[in-house]
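Report on the structure
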Amino acid sequence: MAQPKILVTGATGRVGGAVVAQLHAAGVPVRALVRGEASFPEGVQAIRGDLADPASLGAALEGVDAVFLVWPFLSAEGASDVIDAIGKSARRVVYLSSAGVGNERERPGEAITMFHTELERLIEASGLEWTALRPTGFASNTLGWAEEVRTTGVVRAPLARLARPLIHEADMAAVAVQALTTDALLGARPLITGLELITQERQVALISEAIGRPLRFEEVALDEAIEQMKAAGYPAELVEAVLPAQVEMLGNPEPVNDEVERITGTPAKSFREWAVDHAADFR
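Residues numbered from 1 in each chain as written. Predicted model: local features only at pLDDT ≥ 70, side-chain atom pairs only at ≥ 80, totals over all residues. Heavy atoms only, no water.

1. Some thoughts on the sheet that holds strand β1 (residues 6–8)
On the basis of which strands lie adjacent, the open sheet formed by 7 strands has the order β3-β2-β1-β4-β5-β6-β9 and parallel pairing. Every other strand in the sheet has two partners, leaving β3 (45–48) and β9 (191–192) as the edge strands with one partner each. In this structure, strand β6 (residues 129–135) lies alongside β9, joined through 2 bridges in parallel fashion. For Pro135, the partnering residue across the bridge sits in β9 and is Ile192. Packed onto the sheet, helix α6 (residues 169–181) meets β1, β4 (66–69), β5 (92–96), β6 and β9 and runs at close to 160° relative to β5. (Pairing = 2+ DSSP bridges. Helix = DSSP H or I, 4+ residues; strand = E, 2+ residues; numbered from the N terminus. Contact = heavy atoms within 4.5 Å. Axes fitted to C-alpha atoms, helices over the stretch in contact; angles between N-to-C directions.)

2. Regarding the packing of helix α1 (residues 14–25) against α6
The contact between α1 and α6 brings their axes to 8 Å, and the two run at 55°. Looking at the two axes, α1 sits oblique to α6. Here α1 and α6 pass one another in a crossing that is right-handed. Residue-level inspection shows Arg14, Val15, Ala18, Val19, Gln22 and Leu23 of α1 in contact with α6, the latter providing Glu169, Ala170, Met172, Ala173, Ala174, Ala176, Val177, Leu180 and Thr181. In terms of residue class, the contact of α1 with α6 is made up of 11 nonpolar, 2 polar and 2 charged. (Parallel < 35°, antiparallel > 145°, perpendicular 65-115°, else oblique. Left-handed = near helix turned anticlockwise from the far one by under 90°. Nonpolar A, V, L, I, M, F, W, Y, C, P; charged D, E, K, R; others polar.)

3. Topic: the packing of aromatic side chains
Counting across every chain of the model gives 4 aromatic pairs. Here the aromatic rings of Trp145 and Phe217 are separated by 6.4 Å at their centres, their planes lie at 80°, and the arrangement is edge-to-face. Taken together, the residues Trp145 in the loop between β6 and α5 (146–151) and Phe217 in strand β11 (residues 216–219) connect sequence positions 72 residues apart. Owing to a relative accessible area of 10%, Trp145 belongs among the buried residues under this scheme. Grouped by ring-pair contacts, the aromatic residues Phe271, Trp274 and Phe282 constitute a single cluster. (Phe/Tyr/Trp six-rings, centres within 6.5 Å; stacked < 30°, edge-to-face > 60°. Buried < 20%, exposed > 50% of the residue type's maximum accessible area, 1.4 Å probe, protein only.)

4. Section: the pattern of salt bridges
For side chains bearing opposite charge, pairing can occur when the charged atoms are close. Counted by the stated rule, this structure contains 16 salt bridges. Between Arg121 and Glu118 there is a salt bridge; the shortest N-O distance is 2.6 Å. In this pair, Arg121 and Glu118 both sit in helix α4 (residues 111–124), 3 residues apart, roughly one turn of the helix. Classification of Glu118 by relative accessible area gives partly exposed; the value is 28%. In this structure, the salt-bridge partner of Glu218 is Arg156, at a minimum N-O distance of 3.0 Å. Placement of Glu218 in strand β11 and of Arg156 in strand β7 (residues 154–157) is noted, with a sequence separation of 62 residues between them. In this structure, a network of salt bridges that share partners links the residues Arg91, Arg92, Glu129 and Asp183. (Salt bridge = Lys/Arg side-chain N within 4 Å of Asp/Glu carboxyl O.)

Such coordinate-based values are descriptive only and should not be taken to indicate function.
Structure below.
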């Protein structure tokens, strides 16, 4: 594949931002889709557009060969029009999906799994070259604890012993870059995991080490956690999908593999490394 011009959606997010940075560092022409003002390194082109309005994507897609697609909604409504728009300009799409797709844990009505399943189906039927990246949880989700860490030093959450192979966004981006710039992952659905299973309680301990300040994990009941999520404004369908799935993971944890190393040539980063990289976010 000749050096492409790549459009990155979700470019102001953790994974999309890392994809932009890595493509730019490699000298690959990259364009960032943004909805408002955003700052990128010199040489990265930012163009306004909104996935909720496919008609707004024309300028961003002009001259683009490949698209990194992060779907920011909890349903697949409107996705068909976006994929059609991508197909009029680009020849390849790399979709950030979920490890739950095609998994035996998949259940009808689970919001996250269902919309990813539908997006994958639409992309595969589009005639575009495609890759569907299926990651386990992202380490960056623990940034939701940052305010508690800064203000109280106590993280109150359910399921202290829940262990997941959380992924550094730089590793996920490195896999995405391979899919965008080489043919190695065409038609593939790689399951991407972090280096090892780390409990939530241990995650807090590693953040504590990284920031050099004592922290404590305080386990709360599931009912309280549900009410906290609803009070924080999370959609009911998201709450109903996330917590039951996490409870199931207690006895049936996500797998750990070496796909990051196989695809990129570099082992996945540990959660300890992630915590050190993001210490400033918790201070």
